[in-house]
Amino acid sequence: MKFVKSLLTAAVACAALTSPVTQAAPIEIKFAHVVAENTPKGKMAIRFEELVEQRLPGQVDVKVYPNSQLFGDNKVLEAMLLGDVQLAAPSLSKFQKYTKQLQLFDLPFLFEDMAAVERFQQSEVGQNMLKSVEKKGLVGMGYIHNGMKQLSAYEPLKLPSDAKGKKFRIQTSDILAAQFAQVGGIPLKKPFSEVFTLLQTKAVDGTENPWSNIYSKKFHEVQPFITESNHGLLDYMVVTSKEFLMGLPADIRPVVEQSLKEAIAYGNKVAAEKTLSDRQAVIDSGRTQVIAISAEERAQWVKAMKPVWKQFEGQVGKDLIQAALDSNKQ
């Protein structure tokens, strides 16, 4: 019996040595966004995928889904809380039902330029705003720029009165709705994935977008006039669920976080470059007329839209609005 037992023990040991080691399946990170791959956000997502898979080969598998392939911005946060997607970067307007603070970034003519936006977002106040969604189970990981918004339409928009009666596609933001209502426009909340068709079929008269969205989605090919208004901001917040982030292994999480930090910095560099190059590409296309407004004309737009600040001051916070205004001072 001893001999038989020894043989069995040896056989088991041999099998253990010769059997292939079962490797744990890689952690899957689905990164869903709504824009093209050649935009700042699209390039940021690709860079994140590259960095993670270089640093954690076989341990983490990042899959990027651009152009609303997986979820639109209106559904992605709900999907994230259900565990169906792990990373997203919705525009700041999309967080209205999760926090009122981030509505700040929709206020018209609040920031003078992107340098002011960057100063504010990197300040203590701006960084604390990333935490404003944590009570809802989400974690803000950083801001990514797209840029200042321009107005586009089928007719020239030089003065606020030119917007009267025109239908404008907007994001799901009460502030943006109020902004266009202030100039007599008709705001329509529609998904970004539908914008080109809405413009092509003239279901809406115009929209507001940064240069990279205008060029990458070819809006300039169906909108004969673009007013260089720089009236608002379109930025995003890279977000994940608290459950997913806290559930990452101790050796994996810091690498994922660092890779995301570097990817965001890269995306913001791309945003600055593309604002200039895509603006020039739109002009060079000859498909649309870019309208420069004078200081006096701009002042009329500011006067017409600025009451929106007071209208939403109670929701956003007077102190936050003041902190944002202070960022305009170098």
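Just above sits the structure.
This report concerns the structure included in the present document. Computed from a predicted model, the values in this text were never measured in an experiment. Here the residue index of a chain counts from 1 through its sequence in written order. At least 70 in pLDDT is required for a residue's local features to be given in this predicted model, at least 80 for side-chain atom pairs to be given and counted, and no such filter applies to totals for whole chains, interfaces and linings, which use all residues. Hydrogens are left out, water is left out, and the side-chain values use all remaining heavy atoms of the structure.

**Quick notes on the packing of aromatic side chains**
Moving on, step 1. Each Phe, Tyr or Trp ring (for Trp, its six-membered ring) is paired with any other whose centre lies within 6.5 Å, and the angle between the two planes then decides the class: stacked below 30 degrees, edge-to-face above 60, tilted in between. By the definition in use, this model includes seven aromatic pairs.
Moving on, step 2. Aromatic pair Phe-31 and Phe-48: ring centres 6.3 Å apart, planes at 70 degrees, arrangement edge-to-face. One end of the pair, Phe-31, is in strand E1 (residues 27-32); the other, Phe-48, is in helix H2 (residues 40-55), and 17 residues separate them in sequence.
Moving on, step 3. For each residue, the accessible area found with a 1.4 Å probe, counting protein chains only, is set against the maximum for its type, and the residue is called buried under 20%, exposed over 50%, and partly exposed in between. Take Phe-31: its relative accessible area is 0%, and that puts it in the buried class.
Moving on, step 4. Only when the NZ atom of a Lys or the CZ atom of an Arg is both within 6 Å of the ring centre and within 35 degrees of the ring normal do we say a charge sits over the ring. Positioned over the ring face of Tyr-236 is Lys-41, at 3.6 Å from the centre of the ring.
Moving on, step 5. Sitting over the ring of Tyr-154, Lys-202 keeps its end group 4.9 Å from the ring centre. The helix and strand labels rest on DSSP assignments: H or I over at least four residues marks a helix, E over at least two residues marks a strand, and numbering proceeds from the N terminus.

**Section: the sheet that holds strand E7 (residues 186-189)**
Moving on, step 1. Strand order in the open sheet made by the six strands is E7-E6-E8-E5-E9-E11, with mixed pairing throughout. Edge positions in the open sheet fall to E7 and strand E11 (289-292), since each of these has one partner strand only. With direction set aside, neighbouring strand axes in the sheet form an average angle of 30 degrees.
Moving on, step 2. The sheet contact formed by strand E5 (residues 150-153) and strand E8 (residues 206-209) spans four bridges and is antiparallel. If you follow Ala-153 over to E8, its bridge partner there is Gly-206. A pair of strands is labelled paired if DSSP reports no fewer than 2 bridges between them. Geometry is summarised by axes, namely lines fitted to C-alpha atoms with helices restricted to the contacting stretch, and by angles between N-to-C directions that run from 0 to 180 degrees.

**Examining the pattern of salt bridges**
Moving on, step 1. We define a salt bridge as a contact between a side-chain nitrogen of Lys or Arg and a carboxyl oxygen of Asp or Glu at a distance within 4 Å. On inspection of all chains with the given rule, the structure shows 16 salt bridges.
Moving on, step 2. For Glu-297, the salt bridge is made with Lys-158, and the minimal N-O distance between the two is 3.6 Å. Here Lys-158 lies in the loop between E5 and strand E6 (167-170) and Glu-297 lies in helix H11 (residues 295-305), a separation of 139 residues in the sequence.
Moving on, step 3. On the basis of relative accessibility, which here comes to 15%, the residue Glu-297 falls in the buried class.
Moving on, step 4. By relative accessible area, Lys-158 is classed as partly exposed at 33%.
Moving on, step 5. With a closest N to O distance of 4.0 Å, Arg-287 and Glu-221 form a salt bridge. In this pair, Arg-287 is assigned in the loop between helix H10 (253-285) and E11 and Glu-221 in the loop between helix H8 (211-216) and strand E9 (225-228), connecting sequence segments 66 residues apart.
Moving on, step 6. Overall, Glu-221 belongs to the partly exposed group, its relative accessible area being 31%.
Moving on, step 7. Salt bridges here are not isolated pairs; linked through shared partners, they connect Glu-28, Asp-61 and Lys-63.

In short, geometric facts, not functional conclusions.
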